Amino acid sequence: MMHRAIAAFVVTTLALFAAPSVAHKAGDSYLTLQINGESLAGQWDVALRDLDLALNLDRNANATIDWGEVRTRHAEIADYTLRRLELKRGSVPCTLRAVEHLIDEHSDGTYAVMKLAGTCPTTSGQISVNYSLLFDIDAQHRGLLKLTSGDSDSVVTSAVFPAENRVQTFSSGAGGGAAQFLTYVADGVKHIAIGLDHILFLIALLLPAVLVRTGKTWTPVTDLRSAFWNVFKVVTAFTIAHSITLSLAALNILQLPSRWVESIIAISVLLTAIDNIWPFLPKQRWRVAFVFGLIHGFGFASVLIDLGLPASALVGSLLGFNLGVEIGQLVLVIVLVPLAYLSRRSWGYSRIALGGGSIAIAAISLGWCIERSFNVQLMPF
Amino acid sequence: MCSIANANGKPYIPVSDSTPLVRLASSASSAREAQADATLRSLLKRNQNNLDVAIRVAQRFVARARSESDPRLLGQAQATLAPWWSLAEPPIPVLLLRATIRQSNHDFSNARRDLEQAVQRDSNNAQAWLTLATVQQVTADFDAATQSCKQLASLVEPLVATACMAVIDGARGRAQSAFEALDSVLATSKVSSSVNPVVRSWALTLQAELAVRLGRESAADRLFRASLAIDPADAYTLAMYADFLIDAGRARDVLSLIPNDTRADILLLRRGVAAKLVDHPESVQIASTLAQRFKASGARGDRLHLREESRFALLIKNAPEEALTLALDNWRVQKEPLDARIALEAAIAANRPKAVNDVMSWIATQQLQGEKINVLVRQVNAQIATQQRAAT
């Protein structure tokens, strides 16, 4: 109740008071930004009563702001607000402009809504936001930012800009280091799990690992050791190969058009499957794994680039994503190889699993080859 | 794409140029006041470093923030004082304004530091002593608050000094003597015309609150009305009167006391509680408006509404656990009788009597009085006893 003490006394003397526990909230603006590659999109909601303080919107001084008083001032509103918002990627300034002006209601009143568009001429580097709207008029004003970078499923960052903290930097992508790293690991695993072409390639490579090729026929290996070594050599060669090209592509050193890459990946699956039935590739499977692994690395890279790579965390994300790919691959090996080893002597293995499996894989990959080379949709996956 | 907080729907383009979008609060009660405001602002625009003008403008903003219940105006006052805001020893009027704004933002420790500096530099500054007493009382440092009120006695009219002490006495088991002291000063000041009506209205509200605590319902009702007769739009008095009416089972009266288009959240909350109690169809709409406002405040990182938010959670959302968490967070910041009551009610509803141990011992130490608080203390103790019996 003393809160009012000041209120009362004040009016008589100094005109000071303590507000009774706050009636409204103070002024905020709501800024949403989406960065995707070089392009920027967004929305900025600023309270009309706040804009009125700066731009005197109520021109006819009737204590009401009507749509006409806002509509005719759109250019000024955009100019005034956007001058007080600076965006940079790395050290390069981004551009932003208002492309559409609307109106929306928030809990504390009516807001001017600007749809924003712009570009950042670079796709790497931290995003820094310098927000200085209205602080000179309302020291308790705050900007509430929601920043999305990369694709729709990428991480959203929220930030509050008070007068004391006008410049804030965000790594494009996730928040903290460890969390971000784990996100990329998960992305890697996910990519293997949903990337049927990589899975089928590995299966085609590994099916014969429990067999030995003599001439044109396959015979089961005699011991676990030789099966293990076969698998180990194939997996290691594939891993080393795709890591090399994944790094080269992600670091922007060497890039291939994605349609070629996808087509060649499909061909690699097809050739490996055919080789299981009519051998024509080098007898040492690890060499095949290595050569084709190089092209699969480019395929992984395109996924990683699509995720939006923060330059600040480039190495981390690369390692994380690759680690995820290896984990996914290892799970497949652990499931597949023991089954293959145990059933290697059975009649069904070389006929149904190796023969039938390879024919099926060859058929699917042939479909992909056609789809990807001619850019058509044939199959449901 | 959606904006962060509570856009009610999709952004739109209004139908016509004449569609009204915002009604601006009139910045002054009279045309003359409006003109004075405009003159001051144009003076300040010419020279932002003119201390005298800046202080006058900031004082106007602060006064309007109170009458319009709008914290945006506090931010505008702060912005006006920007050239001096960060100084360690700004001019005393800036120090007082800074303390007042900081106190409104619940930054009590910095507000107190500013005020201690102010009275050290000018021990005859009545405003500084009164504001200091307020900060000390809100944070339950009653001994220091008493000292500040005593310093005030020789500097101001008796009504202000008496009211200063009455607030502290009322919170410390001496509601009866505080009530009587105010009664006699108000009786003598009635004849003297020198007392500002706003001070009188404040003292009447204060006395009404003491009457509520002493269980004198008809006196409380009369005093609230007397205060509102002088200052009918005062949000604090309206809120306290509404609480009194709700407790007295007169929720319907609250619906006529507070208009449905009130801009003040503290009043909208009371109207919402009353509407819910009498099953008024409006209650759903009020509940969703309040929920959006609390969410928006949360998004900007404000923790200024804990008291109201806790009430909202308990009485409108029926979420006692959430209400208790909010009430205890609030208790860490401010410790007025109303804060204690809110904590106890939430704990009882959540059946977690032990969560308010601190509040209970504070009530005992301060000998906080009041019908309502006594009932709540008994209920908490009964719950503790029941839980202990169940445990053994």
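Further up the page is the structure itself.
Sequence order as written defines residue numbering, which begins from 1 separately in each chain. Note on labels: chains are lettered from A, ligands numbered from 1, in written order. For a predicted model such as this one, the threshold for reporting local features is a pLDDT of at least 70, and the threshold for listing and counting side-chain atom pairs is 80 or more; totals across whole chains, interfaces and linings nevertheless cover every residue. Think of the side-chain values as coming from all heavy atoms in the structure, minus any hydrogens and water.

(A) Region of the structure containing the overall build of chain A. Looking only at helices and strands, chain A features eleven helices and 13 strands. Any residue under 20% of the maximum accessible area for its type is buried, any over 50% is exposed, and the rest in between are partly exposed; the area is computed with a 1.4 Å probe on protein chains only. When the 381 residues of chain A are sorted by exposure, 56% land in the buried category. Contacts were defined at the residue level, with two residues in contact if any of their heavy atoms lie within 4.5 Å. Across chain A, every contact between residues at least 6 apart in sequence was considered, and the portion connecting residues at least 24 apart equals 67%. We count a stretch as a helix when DSSP gives it H or I for four or more residues in a row; a strand needs E for two or more, and each element gets its number in order from the N terminus.

(B) Inspection of the pairing of strand 8 (residues 127-131) of chain A at higher detail. Residue and element names in this part refer to chain A. Among the five residues of strand 8, four are classified as buried, and the element is accordingly described as predominantly covered. Inspection of the sheet shows strand 4 (residues 85-89) paired to strand 8 by five bridges, in the antiparallel sense. Across the sheet, the residue bridging to Arg89 is Ile127, located in strand 8. When DSSP finds at least two bridges between two strands, those strands are taken to pair. Note that strand 8 and strand 11 (residues 167-170) share four bridges and pair antiparallel. Along strand 11, the bridge assignment pairs Ile127 with Phe170.

(C) Up close: the state of the cysteines. Note on terminology: pairs of cysteine sulfur atoms within 2.5 Å are recorded as disulfides. Within this structure, the stated rule accounts for two disulfides over all chains. Between the sulfur atoms of A:Cys94 and its disulfide mate A:Cys120 the distance is 2.1 Å. Since a negative S-S torsion denotes a left-handed disulfide, the A:Cys94-A:Cys120 link at about 105° is right-handed. Taken together, the residues span a long stretch of sequence, with A:Cys94 in the loop between strand 5 (92-93) and strand 6 (95-106) and A:Cys120 in the loop between strand 7 (109-119) and strand 8 at a distance of 26 residues. For A:Cys120, a relative accessible area of 1% translates into the label buried. The disulfide that involves B:Cys149 links it to B:Cys164, with 2.0 Å between the sulfurs. With the S-S dihedral at roughly -75°, the linkage between B:Cys149 and B:Cys164 falls on the left-handed side.

(D) Up close: the packing of helix 19 (residues 337-349) of chain B against helix 20 (residues 357-366) of chain B. All names here are of chain B. Angles run from 0 to 180 degrees between N-to-C directions of axes, and those axes are lines fitted to C-alpha atoms, restricted for helices to the stretch in contact. Between helix 19 and helix 20, whose axes approach to 10 Å, the crossing angle comes to 135°. As summarised for this structure, helix 19 and helix 20 are arranged oblique, according to the angle between their axes. Judged by the twist between their axes, the crossing of helix 19 over helix 20 is left-handed. Within the contact between the two elements, helix 19 uses Ala340, Ala343 and Leu344 and helix 20 uses Val359, Met360, Trp362 and Ile363. Its residues assigned to classes, the contact of helix 19 with helix 20 shows seven nonpolar, no polar and no charged. Oblique is the label for any angle not under 35 degrees, not over 145, and not in the 65 to 115 range, which are roughly parallel, roughly antiparallel and roughly perpendicular in turn. Here a crossing is called left-handed whenever its near helix is offset anticlockwise from the far helix by less than a right angle, and right-handed whenever the offset is clockwise. Under the grouping applied here, Gly and all other residues not named as nonpolar or charged are polar, the nonpolar ones being Ala, Val, Leu, Ile, Met, Phe, Trp, Tyr, Cys and Pro and the charged ones Asp, Glu, Lys and Arg.

(E) Region of interest: the side chain of A:Gln168. All names here are of chain A. Note on placement: Gln168 falls in strand 11. Any pair of nitrogen or oxygen atoms within 3.5 Å is treated as a polar contact; in protein, a donor-acceptor pairing is required on top of that, and neighbouring residues in sequence qualify only through side-chain atoms on both sides. Polar side-chain contacts of Gln168 include one of 3.2 Å to the backbone oxygen of Asn165. Residues in contact with Gln168, not counting those within four places in the same chain, are Ile127, Ser128, Val129, Ala159, Val160, Phe161 and Pro162.

(F) Molecular detail of the packing of aromatic side chains. Residues and elements named next belong to chain A. Centres within 6.5 Å make a pair out of two Phe, Tyr or Trp rings, where for Trp the six-membered ring is used; the pair is then stacked when the planes are under 30 degrees apart, edge-to-face when over 60, and tilted otherwise. The final tally for this structure, using the stated rule, is 16 aromatic pairs over all chains. An angle of 45° between the planes, with centres 5.3 Å apart, marks the rings of Phe201 and Phe238 as tilted. Taken together, the positions of Phe201 in helix 6 (residues 196-206) and Phe238 in helix 7 (residues 224-250) put the pair 37 residues apart, joining distant regions of the chain. Each of the two residues, Phe201 as well as Phe238, counts as buried. Taking 5.4 Å as the distance between ring centres and 85° as the angle between the ring planes, the aromatic pair formed by Trp229 and Phe232 counts as edge-to-face. Highlighted residues: Trp229 and Phe232, both in helix 7, separated by three residues, approximately one helical turn. We classify Trp229 as partly exposed; its relative accessible area is 41%. Among the aromatic residues, those joined into a cluster by ring pairs are Trp44, Tyr131, Phe135, Phe161 and Phe170. Note on criteria: charge over ring means Lys NZ or Arg CZ within 6 Å of the ring centre, with the direction from the centre no more than 35 degrees off the ring normal. One residue, Arg344, lies across the ring of Tyr341, its end atom 3.9 Å from the ring centre.

(G) Focus on unusual backbone geometry. Residue and element names in this part refer to chain B. We note that Ala140 has phi near 65°; this positive angle belongs to a residue other than glycine. Relative to the helices and strands, Ala140 is located in the loop between helix 7 (126-138) and helix 8 (142-153). When its relative accessible area of 18% is taken as the criterion, Ala140 is described as buried. Residues other than glycine seldom take positive phi values, yet Asn351 does so here, at roughly 55°. With respect to the helices and strands, the residue Asn351 is situated in the loop between helix 19 and helix 20.

(H) View of the sheet that holds strand 1 (residues 28-36) of chain A. Residues and elements named next belong to chain A. Pairing in this open sheet of six strands is mixed, and the strands run 6-7-2-1-9-10 from one edge to the other. Either end of the sheet is taken by a strand with one partner, and the two such strands are strand 6 and strand 10 (156-161). Each adjacent strand pair in this sheet contributes to an overall mean axis angle of 15°, direction not counted. With eight bridges joining them, strand 1 and strand 9 (residues 142-149) adopt parallel strand pairing. Counted as the bridge partner of Asp28 is Arg142 from strand 9.

(I) Representation of helix 9 (residues 158-171) of chain B in the model. All names here are of chain B. The end-to-end C-alpha separation of helix 9 is 20 Å, in line with the 20 Å expected for 14 residues at 1.5 Å each. Helix 9 sits mainly inside the fold: twelve of its 14 residues count as buried. Every buried residue of helix 9 is accounted for by Leu159, Val160, Ala161, Thr162, Ala163, Cys164, Ala166, Val167, Ile168, Asp169, Gly170 and Ala171. Downstream of helix 9 by one or two residues, Gly173 has phi in the positive range, about 75°. A helix is expected to span 1.5 Å multiplied by its residue count minus one.

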